[in-house]
Amino acid sequence: MSSTINTMATLLQSAISSRSSIIGRATHAAIIKNIDYPYPTFLSNHLVNMYSKLDLTQQAQLILSHIPPLNRSVVTWTSLISGSVQNGHFVSAISHFSNMLKDNVLPNDFTFPCVFKACNSLRCVVTGRQLHGLAVKLGLIRDVYVGCSAFDMYAKMGLRDEANSMFEEMPEKNLATWNAWISNAVIEGKCGKAVGGFVELMRMGGELSQITFCVVFNACADGLDLKLGRQVHGFVVRYGYGCNVSVANGIIDFYGKCRDVNSARLVFDEICDRNDVSWCSMVAAYEQNDEGEKACVLFLDAMRSSIEPKDFIISSVLSACAGIAGLEMGRLVHALAVKACVDGNVFVGSALVDMYAKCGNIEDCERMFDEMPERNLITWNALLGGYAHLGQADMALSLFEEMKSGKLQVVPNYVTFVSVLAACSRAGAVKVGMSIFDSMRSRYGIEPGHEHYACVVDMLGRAGMVERAYEFIKRMPSPPTVSMWGALLGACKVHGHNNLGKIAADKLFQMDPQDSGNHVILSNMFAAAGRWEEANVVRMDMKDVGIKKGAGCSWISVKNSVHTFQAKDTSHERNSDIQAMLAKLKSQMKAAGYIANTRLALFDLEEEERESEVWHHSEKIALAFGLCVIPPGVPIRITKNLRICLDCHSAIKFISGITGREIIVRDNNRFHRFKDFDCSCKDYW
DNA sequence: CTAGGGTTAG
């Protein structure tokens, strides 16, 4: 009999380790059949533990309630509580704890770590302190496990003083204590302190664990310390943790964040037992390094490898789709999310809102937003960013007003201000924008970062206040970035401030010598002003340094294939249809009052040639093709690798009006949505 | 028979 009982206990344990509710229930059935009721208490405890760990709480509670009150022990209750915590039911865990006290059972050194963890997950400071008091009263706080979890709780709640005194007063520290200490130093943003703790730990010469390495790679990733991380990686290999999947996942994340995506991939390829976290980390690493296509390809590999499309990997790949404006892929992932029932997850939903916004699809973006069961600041920021991105400044600003009013239960953060300033910039709302910028520090205590400064430069520049923008750059507390000088150069080009443009361009040439775009802008700027000599000098410089201007091209996706066009392209198999469409459009457009805008076209051509030059830009050819093959009522989406030109911008307004079609062009800067002789961004700019 | 510290995302 006792051997049967032991066998059952072992089976229940293996049900937990294999997370198999089938084994668990089958064993329960076997117990009912083979063992006399009432069962020995320790077997009932095993049952409670099994059901609780496998997240079958109701059964666990049922078993517990059938144990005679005198036999219900702290072990029974702790089994129930620990399962609730491990499955993320923190409120239930606390209520089980209070039921335990009502049952006249006192917690032990196993119970406290569970409930401290529940408190810190719930950010329940008051309950946490009460529990701490109880642990002191019961004399359990000196236990190394209890002390460690109490320290961790205070640290994660941000109660630094309490955490520190907990740590100092601990009579005993073990590896877990140090792991918790390092991990909390990372959370505090003190990566140097975290790494110092690790070095100290190594010097003490004790054992390290996989968790130690996980937290240390976190520290290296957070501190962007590629050199140190590489050293620790070497140490990991020597220490024999190289094939531990959790450690490897941490290493992938670390290399990804430190922008060494190739090393991340090497580690990924070496893992023999990849799990969903490995795939997700690698997808995220590609995404964070602007390799959106590789991220998508890897995601599809993951799906083929039978990785479940869970919330984490779905939201990672969605941001990759957003980054490359891959609407088709984004829709496919959306469908997978619905099928896997994760589209209601707040991370996934926010990523979907963001993806649709960045793909220029504001209706789906808003619809997704409206349908979300739960929203948080990130969700609101995604929608706000969408409005800013698509030039709907009025919507962006009114949303921001709502956020400020507190009605939405969210407080604007760093990202919120980037979007709202971008929206002001596009709307030309300099006054509003500047007062929002000032309110960041004064009212919200957020120190403006380089993105905010860049928005202000852009805002002033667009509004024609280029001198003021230049003054603003000069007075900034931190060194100007490429995007600030780029915004200033762009503004100088449009507003004809050639000398200041030259200053901005020279800065850009120093910072980013291989970029052809800035040279082209400067050269065209001089050309537009009739300063041919200087324009030529810039072109010659480009040749000297060996910079090639990348070929401009536009592409359009029809059904499952992508059609790419260059300027003057006649190579497409439907070329005759395209040319006929272009000719028809041209005459209709002229009749409607279209005049070619050649101000910023290549300078060394006669006017007639310049007209012909702009007429054969790749985006117009792609659009003509789209008009031939995309049925009426379906928006035509075109992507261009460079900035759309001034003439194409006005030409497409005419074409949208004449054909009654909605046309969306994404260039390397932003979206332009054309409808009824109009564009979502009022100016070309 | 019950426990702590860790890896992925918007």
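As recorded in an unreviewed UniProt entry, chain A goes by the name Pentatricopeptide repeat-containing protein, listed as coming from Artemisia annua. Looking at chain A in UniProt, the text filed under Sequence similarities (unreviewed entry) is "Belongs to the PPR family. PCMP-H subfamily."

## Observations regarding helix 29 (residues 482–495)
For helix 29, which comprises 14 residues, the first-to-last C-alpha distance of 20 Å matches the rise-based estimate of 20 Å (1.5 Å per residue) to within 8%. Residues of helix 29 that are buried include every one of Met484, Trp485, Ala487, Leu488, Leu489, Gly490, Ala491, Cys492 and Lys493, and no others.

## Focus: the protein's contact with DNA strand B
Close to DNA strand B lie 53 residues; Asn45, Asn174, Ala176, Asn179 and Ser246 are nearest. Sugar and phosphate atoms form 41% of the subset of DNA strand B atoms that lie within 4 Å of the protein. In this structure, a base nitrogen belonging to DNA strand B sits 2.3 Å away from a side-chain N or O atom of Ser246. Here the surface near DNA strand B gets 6 residues from one element, more than from any other, and that element is helix 17 (residues 276–288).

## Let's talk about the UniProt feature "repeat: PPR" (unreviewed entry) in chain A
According to UniProt, the positions carrying the feature "repeat: PPR" (unreviewed entry) are residues 73–107, 345–375 and 376–410. Between the end C-alpha atoms of residues 73–107 there is a gap of 9 Å, over a span that is 74% helix and 0% strand. In this annotation, residues 345–375 is assigned 74% helix and 0% strand; the end-to-end C-alpha distance for the span is 9 Å.

## Considering the sheet that holds strand 5 (residues 671–675)
Within the open sheet, the 6 strands sit side by side as 2-1-3-4-5-6. Their pairing is mixed. Looking at which strands have only one partner, the edges of the open sheet turn out to be strand 2 (561–566) and strand 6 (678–679). For strand 3 (residues 636–640) and strand 4 (residues 663–666), the ladder comprises 4 bridges, and the chain directions are parallel. By the bridge assignment for strand 4, Ile638 is matched with Val665.

## Thoughts on the state of the cysteines
Applying the stated rule across the entire model yields 0 disulfides. In this structure Cys214 is a free cysteine whose sulfur lies 12 Å from that of Cys220, the closest cysteine sulfur available.

## Some words on the side chain of His233
Of note, His233 is situated in helix 14 (residues 226–239). On the basis of relative accessible area, His233 is assigned to the buried category, the value being 19%. Polar side-chain contacts of His233 include one of 2.8 Å to the side chain of Tyr255. Apart from residues lying up to four places away in sequence, His233 is in contact with Phe217, Ile251, Tyr255 and Val267.

Scoring rules and cut-offs
- Residues numbered from 1 in each chain as written.
- Chains lettered and ligands numbered in written order.
- Predicted model: local features only at pLDDT ≥ 70, side-chain atom pairs only at ≥ 80, totals over all residues.
- Heavy atoms only, no water.
- UniProt positions renumbered as here; feature names shortened; annotations may be inferred.
- Helix = DSSP H or I, 4+ residues; strand = E, 2+ residues; numbered from the N terminus.
- Expected span 1.5 Å × (residues − 1).
- Buried < 20%, exposed > 50% of the residue type's maximum accessible area, 1.4 Å probe, protein only.
- Near = heavy atom within 4 Å.
- Polar contact = N/O pair within 3.5 Å; in protein donor to acceptor, adjacent residues only side chain to side chain.
- Pairing = 2+ DSSP bridges.
- Disulfide = S-S within 2.5 Å.
- Contact = heavy atoms within 4.5 Å.

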